[in-house]
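Close look at the chain arrangement
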Amino acid sequence: MSSLSSLQRPLITRSSLHRRLPLSPQPPPPPDRLCLRPPNPHHSRRLEIRALDAAQPFDLESRFSDRFQKSSKLKIAIIGFGNFGQFLAKTLIRQGHTILAYSRSDYSDVAASLGASFFSDADDLCEEHPEVILLCTSILSTEKVLRSLPFQRLKRSTLFVDVLSVKEFPRSLLTQMLPLDFDILCTHPMFGPESGKNSWNKLPFVYEKVRIGTDESRISRCEKFLDIFGKEGCRMVEMSCADHDRHAAGTQFITHTMGRILEKLKLESTPINTKGYETLLDLVENTASDSFDLYYGLFMYNKNALEELERLDLAFESLKKELFGQLHDILRKQLFGKAEGSEGSEGLESQNN
């Protein structure tokens, strides 16, 4: 029995022992803690980092904050980067929005100085897939510019916003020309580079949500854009385009008309300016700095403007009649008062005789 059991036990040979031992020493496992200094044999404990400061930029809270900041910003393409387009771009960029600029004239240097990207080709601009197309064109050129844009290169849910001084005209134009998938927001900042150069606080901003998709993302995008002006303290006025044009004909068009009339009078400052006269000089400065195309657009594309112009003409004629009527009575008394008096006395003398 003992001999049999000894035969069943495996023989340990040099070759089998070689197979059981590793051919080369294995590296020690990596340390799971970071040591600030090499271990000292005289100390049994080491200084170790067990946690990272939560204020580091790569921590969860910081990532969420950064993500929120990015989600609240928009990529906006400004079509028409002239005086008004640049005026709006300064505030949009200051608020952290990404601005793409497109114009017929070369404003690449101006765009670079503001922190915007300039495009001279509409196809290249649309390939950037802006979330918002902001139309800052003149009233007269809006239709031509719209027809030149390659809509097929934009995302189907792109938001189109206009800032024209008339509203029914662009509303009709955008609803007719844009694909049904595009959103439309008609707006009018009731201020410009002169009146809004110091602050937009309490200045009126009129808008109508003409066509906004029901998706939460599209509703949110529209609100983000409106919030740009809300953050600057604008007085936000939601109003139909028809009501805007009716009110604007009696305010904006008349204001520009009076400014243009006074400009033709070549008014100059004097050493004895009154506050009222200073107001007239300011009116000329604020209106004459705008192009005549803008004034003509206010007249041509607001159906209420002609009526206001006729009312202004009638009011001026009425005022002249009142002035000359009063003057006629005074002159008549001066010219014929004595003669009529003498004729009356002569008649009395003849009756007495």
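From a predicted model like this one, the values you see are computed outputs, not experimental measurements. (Residues numbered from 1 in each chain as written. Predicted model: local features only at pLDDT ≥ 70, side-chain atom pairs only at ≥ 80, totals over all residues. Heavy atoms only, no water.)

Right, let's talk about the overall build of the protein for a bit. Across its full length, the protein carries 13 helices and ten strands. Buried residues in the protein amount to 33% of all 353 residues. Working note: accessible area of the protein is about 23,700 Å², and carbon and sulfur atoms make up 54% of it. (Helix = DSSP H or I, 4+ residues; strand = E, 2+ residues; numbered from the N terminus. Buried < 20%, exposed > 50% of the residue type's maximum accessible area, 1.4 Å probe, protein only. Areas by Shrake-Rupley, 256 points an atom, 1.4 Å probe, with all protein chains shown as cover.)

This part takes up the layout of surface pockets. For the largest pocket, the calculated volume is near 1,300 Å³. If you trace the largest pocket, you find 44 residues lining it, with Phe-84, Ser-165, Pro-193, Asp-290 and Leu-294 closest to the centre. At the level of elements, helix 4 (83-94), helix 7 (142-148), strand 8 (183-189), helix 10 (241-264), helix 11 (275-288) and helix 12 (292-300) are the ones that each hand at least two residues to the lining of the largest pocket. Among the residues making up the lining of the largest pocket, the classes are represented as 18 nonpolar, 21 polar and five charged. Roughly 180 Å³ of volume is contained in the second largest pocket. As for the second largest pocket, its lining consists of 13 residues, of which Phe-87, Lys-90, Gly-196, Lys-197 and Trp-200 are closest to the centre. (1 Å grid on protein atoms, 1.4 Å probe; cavity = no way out; pocket = protein on both sides within 12 Å on 5 of 7 lines; lining within 4 Å. Points joined across faces, edges and corners; volume = space filled by probe spheres on them. Nonpolar A, V, L, I, M, F, W, Y, C, P; charged D, E, K, R; others polar.)

Mean pLDDT over the protein stands at 85; residues scoring 70 or higher make up 75%. Predicted confidence for residues 1-7 stays below pLDDT 50, and this span has zero contacts to residues more than four positions away or in other chains. (pLDDT = per-residue confidence, 0-100. Contact = heavy atoms within 4.5 Å.)

Here the structure, examined in full by the defined rule, presents 14 salt bridges. Residue Arg-94 is joined to Glu-232 by a salt bridge in which the shortest nitrogen-to-oxygen separation is 3.0 Å. Taken together, the residues Arg-94 in helix 4 and Glu-232 in the loop between helix 9 (216-231) and strand 10 (235-238) connect sequence positions 138 residues apart. On the accessibility criterion, Arg-94 (55% relative accessible area) is exposed. Residue Glu-232 is classed as buried on the basis of its relative accessible area of 18%. (Salt bridge = Lys/Arg side-chain N within 4 Å of Asp/Glu carboxyl O.)

A full pass over the atoms with the stated rule returns one cavity of 30 Å³ or more. In this structure, the largest cavity occupies an estimated 40 Å³ of space. For the lining of the largest cavity, the element with the most residues is helix 10, which contributes four residues. A breakdown of the residues in the lining of the largest cavity according to their chemical character gives five nonpolar, three polar and no charged.

What follows covers the packing of helix 10 against helix 12. Two numbers describe how helix 10 lies on helix 12: the axes approach to 10 Å, and their chain directions differ by 135°. Considering the angle they form, helix 10 stands oblique to helix 12. For the crossing formed where helix 10 meets helix 12, the hand is left-handed. Counting all contacts with helix 10, which are made through Gln-252, Phe-253, His-256, Thr-257 and Arg-260, the residues of helix 12 involved are Phe-292, Leu-294, Tyr-295, Leu-298 and Phe-299. Grouping the constituent residues of the contact of helix 10 with helix 12 by class yields six nonpolar, three polar and one charged. (Axes fitted to C-alpha atoms, helices over the stretch in contact; angles between N-to-C directions. Parallel < 35°, antiparallel > 145°, perpendicular 65-115°, else oblique. Left-handed = near helix turned anticlockwise from the far one by under 90°.)

If you look at the biggest cluster of nonpolar residues, it comprises 33 residues, and the most contacted ones within it are Ile-79, Leu-146, Phe-151, Phe-160 and Leu-178. At four residues, the largest contribution of residues to this core is made by helix 8 (residues 168-177). Excluding its chain neighbours within four sequence positions, the residues that come into contact with Leu-178 are Leu-146, Phe-151, Phe-160, Ile-184 and Arg-211. Grouped together as the second largest cluster of nonpolar side chains are 31 residues, Ala-89, Leu-92, Val-161 and Phe-191 included. (Core = buried A, V, L, I, M, F, W, Y, C linked by side-chain atoms within 4.5 Å.)

What follows is about the environment of Phe-169. Looking at the element boundaries, Phe-169 is found in helix 8. A C-alpha to C-alpha distance of 9.9 Å links Phe-169 and Glu-143, two positions 26 residues apart in sequence. Excluding residues that lie within four positions of it along the chain, Phe-169 makes contacts with Ile-139, Leu-164 and Tyr-301.

With that out of the way, let us pick up helix 8. The set of residues buried in helix 8 consists of Phe-169, Pro-170, Leu-173, Leu-174 and Met-177. Projected down its long axis, helix 8 carries its buried residues within an arc of 120°, all on one side. (Arc of directions from axis to C-beta.)

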